[in-house]
Amino acid sequence: MNPFSAVPPDWTNRSRHAKGFACPSCGGSSHIATDVWINRRSPVYTELHQRKWQEFYACECGCAWWAWSSDRPRQFPADPPNITS
Ligand SMILES: [Zn+2]
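Treat the numbers as computed from the prediction; the structure is a model and nothing was measured. (Residues numbered from 1 in each chain as written. Predicted model: local features only at pLDDT ≥ 70, side-chain atom pairs only at ≥ 80, totals over all residues.)

Tracing the sequence through the fold places T34 in the loop between β1 (16-17) and β2 (35-45). Using a count of 13 C-beta atoms within 10 Å as the deciding quantity, one classes T34 as partly exposed. For the pair T34 and A58, spaced 24 residues apart in the sequence, the C-alpha separation amounts to 5.6 Å. In contact with T34, other than residues within four places in its own chain, are A58 and E60. (Helix = DSSP H or I, 4+ residues; strand = E, 2+ residues; numbered from the N terminus. Buried ≥ 20, exposed ≤ 12 C-beta atoms within 10 Å, placed from the backbone. Contact = placed C-beta atoms within 7 Å.)

In structure tokens, the structure reads:
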């Protein structure tokens, strides 16, 4: 897969806008996405004059979703901590 391809993959056509940067269907994060495409060709400027763009994710549950890059958590959670107690 090429996230920076100039041509959007077919599955982006049926993507839904996700709130909270997670799959609106199963709640899965972008980590479990099976494919990703980033629409860097049409950035939008926020009110703070920062660029943001659409990031499309194909979730492993079959749902496709997108969210603004500015909504991406600054730091993804690492692997689940080991439960020792
Ligand atoms: Zn999902």
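Okay, back to it.
Overall, mixed pairing links the four strands, which are arranged β1-β4-β3-β2 in an open sheet. Because the sheet does not close on itself, it has two edges, and the strands there are β1 and β2. Bridge analysis of β1 against strand β4 (residues 64-68) gives two bridges, and the strand direction is parallel. Bridging across to β4, R16 finds its partner in W65. (Pairing = 2+ DSSP bridges.)

Turning to the nonpolar core, a few remarks are in order. By size, the foremost hydrophobic cluster in this structure holds 11 residues: A18, C23, A33, W37, F56, Y57, A58, C59, A64, W65 and A67. Going through the elements one at a time, β3 (51-58) and β4 are the ones with two or more residues in this core. (Core = buried A, V, L, I, M, F, W, Y, C linked by C-beta atoms within 7 Å.)

Okay, unusual backbone geometry next. Unlike most non-glycine residues, F21 shows phi in positive territory, near 55°. When you line up the elements, F21 lands in the loop between β1 and β2. You will see that H49, though not glycine, has its phi angle at about 60°, which is positive. One can find H49 in the loop between β2 and β3. In this structure H49 comes out as exposed when scored by C-beta crowding, with 6 C-beta atoms within 10 Å.

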